[in-house]
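Breakdown of the fold
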Amino acid sequence: MAAKDLKFNTKTIHGGQQPDEAYGAVMPPIYQTSTYAQTTPGGHKGYEYSRSANPTRTALENSLASIEGGEFGLAFGSGLAAIDAVMKLLQPGDEVISTNDLYGGSYRIFKKIFENFGIVFHFVGMQSADAIQDKINSKTKLIWVETPTNPMMNIIDVKAVAMLIKDKDILLAVDNTFATPYLQLPLELGADIVMHSATKYLGGHSDTVVGALVVKGKELADRLYFIQNASGAVCGPMDSFLVLRGIKTLHVRMQRHCENGRAIAKFLKSNPKVEEVYWPGFEDHPNHDVAKEQMKDFGGMISFVPKGSSYNDTIKIVERLQIFTLAESLGGVESLAGHPASMTHASIPKEERLKIGIVDSLIRLSVGIEDVNDLIADLEQAIG
Ligand SMILES: *Cc1c(COP(=O)(O)O)cnc(C)c1O
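The structure reproduced in this document is the subject of the present report. (Residues numbered from 1 in each chain as written. Predicted model: local features only at pLDDT ≥ 70, side-chain atom pairs only at ≥ 80, totals over all residues. Heavy atoms only, no water.)

1. Let's talk about the nonpolar core
If you look at the biggest cluster of nonpolar residues, it comprises 57 residues, and the most contacted ones within it are L60, I264, L268 and L365. The greatest single-element share of this core, amounting to 7 residues, is contributed by helix 10 (residues 250–269). Mapped onto the domain boundaries, this core takes at least three residues apiece from domain 1 (3–247) and domain 2 (250–383). Residues within four places of L365 in sequence aside, it is in contact with I264, L268, G300, M301, I302, F304, F324, L336, A337 and L379. (Core = buried A, V, L, I, M, F, W, Y, C linked by side-chain atoms within 4.5 Å. Buried < 20%, exposed > 50% of the residue type's maximum accessible area, 1.4 Å probe, protein only. Helix = DSSP H or I, 4+ residues; strand = E, 2+ residues; numbered from the N terminus. Domains from an automatic or database assignment. Contact = heavy atoms within 4.5 Å.)

2. Things to note about the pattern of salt bridges
Note that side chains of opposite charge can pair when their charged atoms are close. Evaluated as defined, the whole model comprises 11 salt bridges. The residue K88 makes a salt bridge to D84 at a minimum N-O spacing of 2.6 Å. One salt bridge in this structure joins E259 and R256, with 3.6 Å as the shortest N-O distance. Here R256 and E259 lie together in helix 10, a separation of 3 residues that amounts to about one turn. The partly exposed category is assigned to E259, whose relative accessible area is 42%. (Salt bridge = Lys/Arg side-chain N within 4 Å of Asp/Glu carboxyl O.)

3. Observations regarding helix 12 (residues 311–320)
Regarding helix 12, the residues found buried are T314, I317 and V318. All buried residues of helix 12 fall inside an arc of 90° around its axis, so they share one side. In helix 12, those exposed residues whose orientation departs by more than 90 degrees from the buried face are N312 and E319. Tucked into the core, helix 12 has its buried residues touching strand 9 (301–306), strand 10 (325–326), strand 12 (363–366) and helix 14 (372–383). (Arc of directions from axis to C-beta.)

4. Observations concerning the site of the ligand
Looking at the ligand, there are 15 residues lining it, with G79, D175, S197, T199 and K200 nearest. The contact in question runs from an oxygen atom of the ligand to an N or O atom on the backbone of G79, over 2.9 Å. Relative to its unbound accessible surface of 380 Å², the ligand loses 94% to contact with the protein. Counting only elements with at least two residues in the shell around the ligand, the list comes to helix 3 (79–87) and strand 6 (193–197). For the shell around the ligand, the per-class residue count stands at 7 nonpolar, 5 polar and 3 charged. (Near = heavy atom within 4 Å. Polar contact = N/O pair within 3.5 Å; in protein donor to acceptor, adjacent residues only side chain to side chain. Areas by Shrake-Rupley, 256 points an atom, 1.4 Å probe, with all protein chains shown as cover. Nonpolar A, V, L, I, M, F, W, Y, C, P; charged D, E, K, R; others polar.)

5. Some details on the pairing of strand 5 (residues 171–175)
Counting buried positions over the 5 residues of strand 5 gives 4, a clear majority of the element. Sheet topology places strand 4 (residues 140–146) next to strand 5; 5 bridges connect them, and they run parallel. Counterpart to E146 in the pairing with strand 5 is D175. The parallel pair strand 4 and strand 5 is bridged by helix 6 (residues 158–164), and the resulting crossover is right-handed. Relative to strand 6, strand 5 runs parallel, the two sharing 3 bridges. Its bridge partner being in strand 6, A173 is matched across the sheet by I193. (Pairing = 2+ DSSP bridges. Right-handed = clockwise from strand over helix to strand, strands pointing away.)

Have a look at this one:
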């Protein structure tokens, strides 16, 4: 059967994978080597230096391409290294339109690094197509979408954004870290580039930092491969192995993340001590219809605001949590809680944060795959 015809739950395990030729190892060996013997100058088996390519990384890159429905995958030393590579496709004077409510580190690399190189960024609320349309001009070269957004859980209609730029020379990149290809396939919706912090759900066990890009089309893949090799922010063989192992259970973990997420979102919404819950699965979520159309389920990321809670009260709530660990990051098997204003989004100026709803009392949960009753009991005692 052609690999592209496999169902998603088979692709996570077999997609892009070949049995090891040397000894038939079922798991891809960790090729912990920087270089490869040549029989004559240029006489090698496809690998000459591990920045350019490494067989364990190739296995991961093929798996990434398979699960995202793309043709080419590229693995990097972190999600931000993957974003860095995409930005290096641009020239000074080029303009980028980005989601305004996005991962703090993405905002930081755009504003603090690439603005210095003459790239112009516009941050807009992409739930409205008009807001994007207003910023498109002849210099626009890239649209950067994150959906669901972090931490406000807004949903952006990727297909609608792709339609806006259909006949234009503008790339559409989607950060698919929160949703994962289990929930949505941006390339099918019209994106040119899918980006991942594989540190999160793809790796799934909070044990490594890795980034990824997946694209269709050899020309774009070649340009990105050139940057990956020339800039050198690749991930190592051990990290490649860990993410590959994570991907094999992605579909099983995501199913449970979604189930637990749904139960916790409903618990929080019905709790009188909670003011607001942000989760795209609620029918009254402003972009619920798009979420239902674009995503298979609603994921395990939830943000909420405890009622009448000051900055300090909020800190106390997150400190009282016992099963939810107070930590940066998300997407692991264990549940994590974060306080965006002081943690993940501290690099965004307060006025900017408040404009998009990141109040001082916002708490973000990455719901893990533990027993949901224990998770609910933990939240109940912490909210008090
Ligand atoms: C974590 C994260 C990143 C950055 O990835 P790293 O692996 O930490 O470099 C980018 N986007 C989103 C949505 C993230 O959650």
